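One-letter residues, chain by chain:
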Amino acid sequence: MHAPLDNPSSWVRRFAASVPAGEVLDLACGSGRHARLFAQLGHPVLAVDRDPQALAAAAGPGIATLQTDLEEAGARWPFAAGRFAGIVVTNYLHRPLLADLVKSLAPNGVLIYETFALGNEIYGKPSNPAFLLRPAELLEMAAQSGLQVLAFEDGVIAEPKPARVQRLCAAGPAFLQTEVKLDHLVGRE
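Participant: Which residues make up a nonpolar patch on the surface, and what values do they have?
Facilitator: Side chains of Ile122, Tyr123 and Val156 sit close together on the surface and give an oily, nonpolar patch of about 310 Å² of accessible area. By the element assignment, Ile122 lies in the loop between strand 5 (105-116) and helix 5 (137-145).

Participant: Which residues make up the packing of aromatic side chains, and what values do they have?
Facilitator: Enumeration over the complete set of coordinates arrives at three aromatic pairs. Taken together, a centroid distance of 5.4 Å and an interplanar angle of 75 degrees make the contact between Phe79 and Phe84 edge-to-face. Take Phe84: its relative accessible area is 0%, and that puts it in the buried class. Put simply, the rings of Trp77, Phe79 and Phe84 pair up and form one aromatic cluster.

Participant: Explain the nonpolar core to me, using residue names and the numbers behind them.
Facilitator: In terms of nonpolar packing, the biggest core is built from 27 residues, with Leu25, Leu27, Leu101, Leu111 and Tyr113 touching the most fellow members. Among residues more than four places away in sequence, those in contact with Leu27 are Val48, Leu70, Trp77, Val88, Val89, Tyr92, Leu97 and Leu101. Counting residues in each nonpolar core, the second largest holds 25 residues, with Val24, Ile63, Val88 and Ala171 among its members.

Participant: Break down the pairing of strand 2 (residues 45-49) for me, citing the residues and quoting the values.
Facilitator: Among the five residues of strand 2, five are classified as buried, and the element is accordingly described as predominantly covered. Of the two faces of strand 2, the one carrying Val45, Ala47 and Asp49 and the one carrying Leu46 and Val48 are both buried. One ladder, built from four bridges, connects strand 1 (residues 24-27) with strand 2; its direction is parallel. Pairing of Val24 across the sheet is with Val45, part of strand 2. Note that the unit made of strand 1, helix 2 (residues 33-40) and strand 2 has a crossover that is right-handed. Here strand 2 runs beside strand 3 (residues 63-67); their pairing, made up of five bridges, is parallel.

Criteria and thresholds
- Residues numbered from 1 in each chain as written.
- Predicted model: local features only at pLDDT ≥ 70, side-chain atom pairs only at ≥ 80, totals over all residues.
- Heavy atoms only, no water.
- Patch = residues over 30% accessible without salt bridge, like charges linked within 9 Å, V, L, I, M, F, W, Y side chains within 5 Å.
- Areas by Shrake-Rupley, 256 points an atom, 1.4 Å probe, with all protein chains shown as cover.
- Salt bridge = Lys/Arg side-chain N within 4 Å of Asp/Glu carboxyl O.
- Helix = DSSP H or I, 4+ residues; strand = E, 2+ residues; numbered from the N terminus.
- Phe/Tyr/Trp six-rings, centres within 6.5 Å; stacked < 30°, edge-to-face > 60°.
- Buried < 20%, exposed > 50% of the residue type's maximum accessible area, 1.4 Å probe, protein only.
- Core = buried A, V, L, I, M, F, W, Y, C linked by side-chain atoms within 4.5 Å.
- Contact = heavy atoms within 4.5 Å.
- Pairing = 2+ DSSP bridges.
- Right-handed = clockwise from strand over helix to strand, strands pointing away.

Written out as structure tokens, the structure reads:
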């Protein structure tokens, strides 16, 4: 059994069913809480992290792992354009990766992103503005990338611990032509 902090984010759980069939990238996967969720939903998952111990915990049926430090000087984005049906990122921000991340999303793919925002410094770490989203930053990234915003939130959460976050669920331009369950988008879960 996994600790409460290992449970999937409520935001990721809410939109996981929106991801069409295909491979899911769990970037900065940590111990793999979201990789396990998507594998249980039948997706092949690529869990990526720089920490080999975290990847060892993330490994499991349906989950391939890749140890790499994408923040290292000279590091290159290793994934092809349009490869992933879904991309999930939580509690991680490295702005130089955002454009490549979006390019790796399939035309009908879904991006689920949740991380800390300015104002989080009153709740603890991270408190460095370099690791905190500016107001509406995820919305701007989606607009610049041609993604369709399915849902967005910016505010304070209580669980798993108090924090200021931004949350985005956005889809590629061909998403509306796919058949996915959208009850959760209108508040029915």
